[in-house]
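# Results of the structural survey
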Amino acid sequence: MIKNLLCADFLKIKRKGFWFLTFLEPFGVVALQMVNYGVRKDYLLQQSNDEWGYYILNVSTFTPLALVLGVVILTSFMTSVENETNAWKQLIAFPVTKISVYLSKLTVLALLLFISSFLLMLFTLGFGMILELQGQIPYAKLLKHSFYPYFAVTPVLALQLWIAIVSKNQGVPIAVGVLGVILTYSAYLLPDWMIWKWPSLINEWDEPLINVLLGVGVGSLLYIIGMFDFVRRDVR
């Protein structure tokens, strides 16, 4: 059942710009460093003896903002695909459960974001090689800064999907999303309990894994709450 729903959802997003956005997010993040290093490479290389580590840190500065922005846009697009054709009632009319429908939407979005994070790792590695940075490539650090934000952003994804699916006015999830992007941009000023801070991997304990565990835990909780809220509501 879920396999058929996933196939249907992937067919729906075909030629809708989803794959382009999935590519654009990681490319845009690394492209900023292309400009940065293109303009002042000599200066940046003087800032640290660990050229690879400093470069990855520069890339990761923009990752949370791009990730949250990607979540907002993709969730909005996902629900708009159904709203444009008024397909919610037709979808539920098939022998599928609302839980399966909700899970399918979340799975598709999570897979797109995972692919985006994987591309970020490849683009970061590729441009680093083009720069001919000195020292060994810190693959563990590269993996951490590519995928930790992905897991830490899970509650933002679950919240945005929940709001987007149950809201009759799509202006509501967009407004929440814009606020989330602003909060993510101001992550350094936020308390540790705010979910929009977690993708930045910043906390008072200086342990990024805490943000990952909180993201997965709270994200799972928000997913369950959103799913049951969707189940009890009348389909639009």
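As shown above, the structure is provided for reference.
A brief look at the structure comes next. (Residues numbered from 1 in each chain as written. Predicted model: local features only at pLDDT ≥ 70, side-chain atom pairs only at ≥ 80, totals over all residues. Heavy atoms only, no water.)

### Side note on the packing of aromatic side chains
This structure, assessed with the given rule, holds 12 aromatic pairs. Each ring, one from Tyr-55 and one from Phe-127, has its centre 6.1 Å from the other, and the planes form 50°; the classification is tilted. Here Tyr-55 is found in helix H3 (residues 51-84), whereas its partner Phe-127 is found in helix H5 (residues 98-130), with 72 residues between them in sequence. Judged by relative accessible area, Tyr-55 falls into the buried class, the value being 0%. The interplanar angle of 70° and the centroid separation of 5.0 Å between the aromatic rings of Tyr-150 and Phe-151 together place this pair among those described as edge-to-face. (Phe/Tyr/Trp six-rings, centres within 6.5 Å; stacked < 30°, edge-to-face > 60°. Helix = DSSP H or I, 4+ residues; strand = E, 2+ residues; numbered from the N terminus. Buried < 20%, exposed > 50% of the residue type's maximum accessible area, 1.4 Å probe, protein only.)

### Points about helix H1 (residues 2-12)
Looking only at H1, the buried set comprises Leu-5, Leu-6 and Asp-9. The buried side chains of H1 occupy one side of the element, clustering within an arc of 100° when seen end-on. Exposed side chains of H1 directed beyond 90 degrees from the buried face belong to Lys-3, Asn-4 and Leu-11. (Arc of directions from axis to C-beta.)

### Here we look at a nonpolar patch on the surface
Taken together, the side chains of Trp-19, Phe-114, Ile-115, Phe-118 and Leu-122 present a nonpolar region at the surface, about 430 Å² in accessible area. When residues in the nonpolar patch are grouped by element, the largest group, 4 residues, is from H5. (Patch = residues over 30% accessible without salt bridge, like charges linked within 9 Å, V, L, I, M, F, W, Y side chains within 5 Å. Areas by Shrake-Rupley, 256 points an atom, 1.4 Å probe, with all protein chains shown as cover. Salt bridge = Lys/Arg side-chain N within 4 Å of Asp/Glu carboxyl O.)

### A word on the environment of Ile-165
Within the secondary structure layout, Ile-165 lies in helix H7 (residues 154-166). Judged by relative accessible area, Ile-165 falls into the buried class, the value being 3%. In this structure the C-alpha to C-alpha distance between Ile-165 and Ser-76, which are 89 residues apart in sequence, comes to 8.8 Å.

### As for helix H8 (residues 171-185)
In a regular helix each residue adds 1.5 Å, so 15 residues correspond to 21 Å; H8 covers 21 Å between its end C-alpha atoms and thus fits that length. Every buried residue of H8 is accounted for by Pro-173, Gly-177, Gly-180, Val-181, Leu-183 and Thr-184. The buried residues of H8 all sit within an arc of 165° when viewed along its axis, so they share a single face. (Expected span 1.5 Å × (residues − 1).)

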